[in-house]
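# Breakdown of the fold
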Amino acid sequence: MLTAIWGRDSTGKSTLSDALGGLLAKRSVTAILDTDLTQPTLPQRVNGKKLSGDTSLGKAISGGITSDIAHYLHRHPRRKGLFYAGLTDADEYMTYEIGLEAKDAAQDLISQCTGLADTVILDLSGQRTDPFIPCALARAEKVIVLITPDVQGVCWFNAVKPLLEAMDAQGRVLPVASMIDRHAVDAVEKALDLRFVAKLPYVRELRQIRDTGADPLDGATRAAARYAKQVRTLCGLLKEVGT
Ligand SMILES: Nc1ncnc2c1ncn2[C@@H]1O[C@H](COP(=O)(O)OP(=O)(O)OP(=O)(O)O)[C@@H](O)[C@H]1O
Ligand SMILES: [Mg+2]
């Protein structure tokens, strides 16, 4: 199963990927590809693991030392069955100024990953030139689109609608409201003419949880419990697709 998670910058895509990945990895091998090629993302994702620059997704997409994707997948230190690819803190990430011209290489990496793992989550970046976006939108069985229920979120979704249409992805989109904090979600659904399949609340403690490498579903507050419930609903929808 190939799932993409997309949205503008800092809307909670990686946090949701971690939460969903943790649930899915309990019953199947799951790989999360963090496609942000501008900064090291792996240190946070596989917290506490020593990483070699040779095993970075940036290396992989720019030719790499081997074309075998397994070399670039890092097992999560505590969650069995969960693997990550992304940029490390040891590689020269400033050399990976790779845009849409690398879309074929990205497609190849995605294909290899789906051959190895039962579930692949493409944790896309908010950058328009992310080379993984074309394949993600064209091939993912479900494209989870995170939309903040505010003016920026509405404008962003309206701006990317033509691309979703061009990639024939609209029927595969699962719209999810993100970081809700006293927003009028109904008004946004009306404005965008869609129904959110999940509504993720703003959870203050998620920032801290992220820094410690803990599971985003382990928060202790009521907001965290609401977040966890919504993620489980979303996971149920994905499992329906995968069965
Ligand atoms: N529901 C939420 N409520 C509050 N904070 C959140 C929520 N989800 C994520 N965060 C926090 O917001 C910040 C951005 O989250 P995250 O990295 O998951 O976003 P992103 O969409 O992957 O960002 P990027 O576009 O940089 O990849 C992090 O500090 C994270 O802990
Ligand atoms: Mg991210």
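Residues numbered from 1 in each chain as written. Chains lettered and ligands numbered in written order. Predicted model: local features only at pLDDT ≥ 70, side-chain atom pairs only at ≥ 80, totals over all residues.

### Observations concerning the overall build of the chain
Here is the rule: Put simply, DSSP marks the helices as runs of H or I at least four residues long and the strands as runs of E at least two long, and each gets a number from the N terminus on. Every radius of gyration here is taken over C-alpha atoms, with the globule rule written as 2.2 Å times N^0.38, N being the number of residues. Neighbour density around each residue's C-beta defines its exposure: 20 or more other C-beta atoms within 10 Å make it buried, 12 or fewer make it exposed, and counts between make it partly exposed, where C-beta atoms are placed from the backbone. Contact criterion: two residues are in contact if their C-beta atoms, reconstructed from the backbone, are within 7 Å.
Scanning the chain from terminus to terminus reveals 9 helices and 8 strands. Computed over C-alpha atoms, the radius of gyration of the chain comes to 17 Å, within 12% of the 18 Å expected from 2.2 N^0.38 for 243 residues, which places it in the range of a compact globule. Dimensions of the chain, computed from C-alpha atoms along their principal axes, come out at roughly 50 × 40 × 35 Å. Burial statistics for the chain: of 243 residues in total, 44% are counted as buried. Of all intrachain contacts in the chain linking residues separated by at least 6 positions in sequence, the fraction that spans at least 24 positions is 73%.

### A few points about unusual backbone geometry
A positive phi angle, near 55°, is found at S10, a position not held by glycine. By the element assignment, S10 lies in the loop between β1 (2-6) and α1 (13-24). In this structure, M179 takes a positive phi of about 60° despite not being glycine. Mapping M179 onto the fold places it in strand β7 (residues 173-180). With 20 C-beta atoms packed within 10 Å, M179 lands in the buried category.

### Focus on the nonpolar core
Cut-off, in case you're wondering: Put simply, a nonpolar core is a cluster of buried Ala, Val, Leu, Ile, Met, Phe, Trp, Tyr and Cys residues tied together by C-beta atoms within 7 Å.
In terms of nonpolar packing, the biggest core is built from 64 residues, with A4 and L122 touching the most fellow members. The residues touching A4, leaving out its near neighbours within four places in the chain, are L122, L124, A136, L137, A140, V143 and I144.

### A closer look at the site of ligand 1
Worth spelling out the cut-off: All residues are tested the same way: a C-beta atom is placed from the backbone, and lying within 6 Å of a molecule or strand makes the residue near it. Only Asp, Glu, Lys and Arg are considered charged in this grouping, and only Ala, Val, Leu, Ile, Met, Phe, Trp, Tyr, Cys and Pro are considered nonpolar; every other residue, Gly among them, is considered polar.
In the vicinity of ligand 1, 19 residues are found, and the nearest of them are G12, K13, S14, T15 and R210. Elements that contribute at least two residues to the shell around ligand 1 include exactly α1 and α8 (206-212). Considered class by class, the residues forming the shell around ligand 1 number 6 nonpolar, 8 polar and 5 charged.

### What about the environment of M167?
Looking at the secondary structure, you find M167 in the loop between α6 (151-166) and β7. In this structure, the C-alpha to C-alpha distance between M167 and K103, residues 64 residues apart in sequence, is 14 Å. Beyond its immediate chain neighbours, meaning those up to four positions away, M167 contacts L137 and A138.

### Structural notes on the sheet that holds strand β6 (residues 142-147)
We apply this condition: When DSSP locates at least two bridges between a pair of strands, those strands are taken to pair. Note on geometry: axes are lines fitted to C-alpha atoms, helical ones only across the stretch in contact, with angles between N-to-C directions running from 0 to 180 degrees.
The strand order β3-β4-β2-β5-β1-β6-β7-β8 describes an open sheet built from 8 strands, whose pairing is mixed. The sheet is open, and its two edges are formed by β3 (74-75) and β8 (198-201), each paired on a single side. As judged from the 5 bridges shared by strand β2 (residues 30-34) and strand β5 (residues 119-123), these two strands associate in the parallel manner. Within β5, the position partnered with L33 by the bridge is L122. Helix-sheet contacts for helix α4 (residues 103-116) involve β1, β2 and β5, and the interaxial angle to β5 is about 145°.

### Let's talk about helix α9 (residues 222-242)
Here is the rule: A helix's residues, less one, multiplied by 1.5 Å, set its expected span. Working definition: the arc comes from the directions between the helix axis and the C-beta atoms, pointing outward to the latter.
Between its terminal C-alpha atoms α9 stretches 30 Å, which fits the 30 Å expected from 21 residues at 1.5 Å a residue. Among all positions in α9, only Y227, Q230, V231, L234 and L238 are buried. Down the axis of α9, the buried set is contained in an arc of 100°. They therefore lie on one face. Residues R222, G236 and E240 are exposed on α9 and point more than 90 degrees away from its buried face. Lining the buried residues of α9 we find β1, α1, β6, β7 and β8.

### Observations concerning the pairing of β6
Applicable threshold: When the strands point away from the viewer, a crossover counts as right-handed if the path from the first strand over the helix to the second runs clockwise.
Summarising burial for β6: 6 of the 6 residues are buried, a large majority. Where burial is concerned, the two faces of β6 agree: the one with K142, I144 and L146 and the one with V143, V145 and I147 are both buried. Where β1 meets β6, 4 bridges bridge the pair, whose relative direction is parallel. Each residue of the ladder has a partner; that of T3, found in β6, is K142. Note: β6 against β7, 5 bridges, orientation parallel. Along β7, the bridge assignment pairs I147 with A177. Regarding the hand of the β-α-β motif, the stretch spanning β6, α6 and β7 is right-handed.

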